[in-house]
Amino acid sequence: MRLPPTHWRYMACGLLLAAMVYAAGPDTGRIQIDSAYYEGQSVPFKVLEPGDHKTQLRVGPWLLGGRAADSKPRDRRRNLYVVFPGSQHRAPGWPDYDHNCVLSDLPATEEPVEWDVYWAVVLDPTLQEDFRSEQELVLAAQSSFFPPDLLEFNDLPAEGFLRAQMKARSLGDLARFRRTDGTLPRLLITPAGYAISGSSEPRSDEH
């Protein structure tokens, strides 16, 4: 069957569009997080999305909320740890940004409150824990390890995130995190430089 010329034009446009989508790589649409861990339990967590794109805190395909005007960590705020790698939040085509969200506390009401954001980045290749509580994170951050002689940057569990978000390309780029005895923290906790607004379920007597 012979197809009309207009049909061929539609097919050509379709193939061109498909090629453009393929070349663009993974879908870059934003994905909002809707849950986090608190003391090992998954709880709802909703971030406030600002209208201004420039004030959004985005990590790979994930939208972590709207940046607060005051980005310096404050004692009055609760902490949101974004842990790399993690199994809680995954997006197809974005393995470097697989992460868990861990809350330091639950608010007293469902009203949004401000949270200081911290990156929690696994450096020790032997550390296989899927972190779900602040206590686990703090204990891992307090422990350290000597990088073995044959350790390569690609061996680090959060290697992809370190490259993409923290602009680290080699073990030498992590020198500023070494301790006085030459060790590195098994898990690095560092301020992300942002605070966001978000809400979770209120604290109950069970917590």
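Located above this text is the structure these notes cover.
Computed from a predicted model, the values in this text were never measured in an experiment.

Criteria and cut-off values
- Residues numbered from 1 in each chain as written.
- Predicted model: local features only at pLDDT ≥ 70, side-chain atom pairs only at ≥ 80, totals over all residues.
- Heavy atoms only, no water.
- Pairing = 2+ DSSP bridges.
- Helix = DSSP H or I, 4+ residues; strand = E, 2+ residues; numbered from the N terminus.
- Core = buried A, V, L, I, M, F, W, Y, C linked by side-chain atoms within 4.5 Å.
- Buried < 20%, exposed > 50% of the residue type's maximum accessible area, 1.4 Å probe, protein only.
- Salt bridge = Lys/Arg side-chain N within 4 Å of Asp/Glu carboxyl O.
- Contact = heavy atoms within 4.5 Å.
- Phe/Tyr/Trp six-rings, centres within 6.5 Å; stacked < 30°, edge-to-face > 60°.

Visitor: What should I look at first to understand the sheet that holds strand β1 (residues 31-32) in this one?
Guide: Adjacent strands of a sheet form backbone hydrogen bonds with each other and so pair up, either parallel or antiparallel. With mixed pairing, 3 strands are arranged side by side in an open sheet as β1-β5-β4. Edge positions in the sheet fall to β1 and β4 (56-59), since each has one partner strand and no second. The sheet contact formed by β4 and strand β5 (residues 62-66) spans 3 bridges and is antiparallel. Its bridge partner lying in β5, Q56 is registered against G66.

Visitor: Hey, could you run me through the nonpolar core in this one?
Guide: Grouped burial of nonpolar side chains is what soluble globular proteins tend to show. Among the nonpolar cores identified, the biggest contains 39 residues, and F45, L80, W119, V121, L162 and L174 are the most heavily contacted of them. Counting residues in each nonpolar core, the second largest holds 13 residues, with V83, A120, L137 and A141 among its members.

Visitor: Would you mind showing me how to read the environment of Q142 here?
Guide: Relative to the helices and strands, Q142 is located in helix α2 (residues 134-142). It is 8.0 Å that separates the C-alpha atoms of Q142 and L187, two residues lying 45 residues apart in sequence.

Visitor: So what exactly am I meant to see when it comes to the pattern of salt bridges here?
Guide: Pairs can form between side chains of opposite charge whenever their charged atoms are close. In this structure the tally under the stated criterion is 9 salt bridges. Between D70 and R74 there is a salt bridge; the shortest N-O distance is 2.9 Å. Looking at D70, the relative accessible area reads 28%, which means it is partly exposed. For R74, a relative accessible area of 35% puts it in the partly exposed group. R186 is the salt-bridge partner of D124, the closest N and O atoms lying 2.7 Å from each other. Linking D124 in the loop between β8 (113-122) and α2 with R186 in the loop between β10 (184-185) and β11 (187-200), this pair joins segments that are 62 residues apart in sequence. Look at D124 and you get buried, because its relative accessible area is 5%. Assessed through its relative accessible area of 22%, R186 is described here as partly exposed. Shared partners join several salt bridges into a network, and the residues in it are R76, R77, E114 and D116.

Visitor: Is there a simple way to think about the environment of Q56 in this case?
Guide: Relative to the helices and strands, Q56 is located in strand β4. In sequence terms Q56 and A68 are 12 residues apart; their C-alpha atoms lie 9.5 Å from each other.

Visitor: Whenever I open this one, helix α3 (residues 159-166) confuses me. Can you help?
Guide: Given 3.6 residues to a turn, an α-helix orients residues that are three or four positions apart in the same direction. Looking only at α3, the buried set comprises E159, G160, F161, L162 and M166. Buried residues in α3 make contact with β4, β6 (78-84), β8 and β11. Looking at the residues trailing α3, positive phi occurs at K167, about 60°.

Visitor: Just checking my understanding: could you explain the packing of aromatic side chains for this structure?
Guide: Aromatic ring pairs are defined here through the distance separating the ring centres and the angle between the ring planes. Scanning all chains against the criterion turns up 6 aromatic pairs. The interplanar angle of 70° and the centroid separation of 6.2 Å between the aromatic rings of F84 and W119 together place this pair among those described as edge-to-face. You can see F84 sitting in strand β6 and its partner W119 sitting in strand β8, a full 35 residues away along the chain. For W119, a relative accessible area of 5% puts it in the buried group. Taken together, the ring pairs in this structure connect F84, W119 and F161 into an aromatic cluster.

Visitor: Is there a simple way to think about the pairing of strand β7 (residues 100-103) in this case?
Guide: For a regular strand, side chains alternate in direction, first toward one face of the sheet and then toward the other. Burial of β7 is two-sided: the residues N100 and V102 facing one way and the residues C101 and L103 facing the other way are all buried. Bridge analysis of β6 against β7 gives 4 bridges, and the strand direction is antiparallel. The partner of Y81 across the bridge, within β7, is V102.

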